[in-house]
Amino acid sequence: MTAFDIGWDTIAANSSTNWFVHGWSQNESVNFSIVVFPGSGEGVPNPLAHATLTQGEAFQHVDGTSAYRIYIQNNAPFNSCNVHILAQSESL
């Protein structure tokens with residue numbers, strides 16, 4: 001099993017983002033995870049690092065590659081958070 005750091009994002013307080021991640025072969029299974037760090041917020045002396053990752057849809061393109069849509073919600077009510085998105089792939 002191989003792990004990849006596929007990118008990072010900064011998410012505002014009480015906001016979310018989604019990523020469309022593509023480029024895997026049709027016989028790879030991919031699982032995603034995040035590493036979350038506190039961002040900043042006006043008047044927040046101790047920012048919270050709290051986010052939820054949801055792995056959503058899976059797609060297979062006509063060229064035989066696979067793609068996935070993932071959703072990340074920042075659960076911190078008063079500050080942003082920074083997330084690194086990791087992917088683990090396993091060939092079938």
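A quick note: this is a predicted structure, and the numbers were derived from the prediction, not measured. (Residues numbered from 1 in each chain as written. Predicted model: local features only at pLDDT ≥ 70, side-chain atom pairs only at ≥ 80, totals over all residues. Heavy atoms only, no water.)

Draft legend 1. Quick peek at the sheet that holds strand E2 (residues 16-25). Reading across the sheet, the 3 strands line up as E2-E5-E4 and stay open at both edges, with antiparallel pairing between neighbours. Each end of this open sheet is capped by a strand with a single partner; those strands are E2 and strand E4 (51-60). Strand-to-strand twist in this sheet, taken as the mean axis angle between neighbours without regard to direction, amounts to 20 degrees. The pairing of E2 with strand E5 (residues 65-74) spans 9 bridges and is classified as antiparallel. In the sheet register, His22 faces E5, and the bridge partner there is Ala67. (Pairing = 2+ DSSP bridges. Helix = DSSP H or I, 4+ residues; strand = E, 2+ residues; numbered from the N terminus. Axes fitted to C-alpha atoms, helices over the stretch in contact; angles between N-to-C directions.)

Draft legend 2. Just unusual backbone geometry, in detail. With a phi close to 55 degrees, Asn14 is a non-glycine residue in the positive phi region. With respect to the helices and strands, Asn14 occurs in the loop between strand E1 (2-11) and E2.

Draft legend 3. Expanded view of the packing of aromatic side chains. Enumeration over the complete set of coordinates arrives at 4 aromatic pairs. An aromatic cluster is built from Trp24, Phe32 and Tyr68, whose rings are joined through pairwise contacts. (Phe/Tyr/Trp six-rings, centres within 6.5 Å; stacked < 30°, edge-to-face > 60°.)

Draft legend 4. Spatial organisation of the side chain of Asn74. As for its position among the elements, Asn74 is in strand E5. Judged by relative accessible area, Asn74 falls into the buried class, the value being 0%. A distance of 3.1 Å separates the side chain of Asn74 from the backbone oxygen of Ala12, its partner in a polar contact. Reaching out from Asn74, the side chain makes a polar contact with the backbone nitrogen of Ala76 at a distance of 2.8 Å. Aside from chain neighbours lying at most four places away, what touches Asn74 is Ile11, Ala12, Ala13, Asn14, Ser15, His50, Ala51, Asn79, Ser80 and Cys81. (Buried < 20%, exposed > 50% of the residue type's maximum accessible area, 1.4 Å probe, protein only. Polar contact = N/O pair within 3.5 Å; in protein donor to acceptor, adjacent residues only side chain to side chain. Contact = heavy atoms within 4.5 Å.)

Draft legend 5. Representation of the sheet that holds strand E6 (residues 81-91). Strand order in this open sheet of 3 strands is E1-E6-E3, and the pairing throughout is antiparallel. The open sheet terminates on both sides in strands that have one partner only, identified here as E1 and strand E3 (28-38). When the angles between neighbouring strand axes are averaged without regard to direction, this sheet yields 20 degrees. Judged from the 11 bridges that link them, E3 and E6 form a sheet pairing that is antiparallel. Pairing of Asn31 across the sheet is with Gln88, part of E6.

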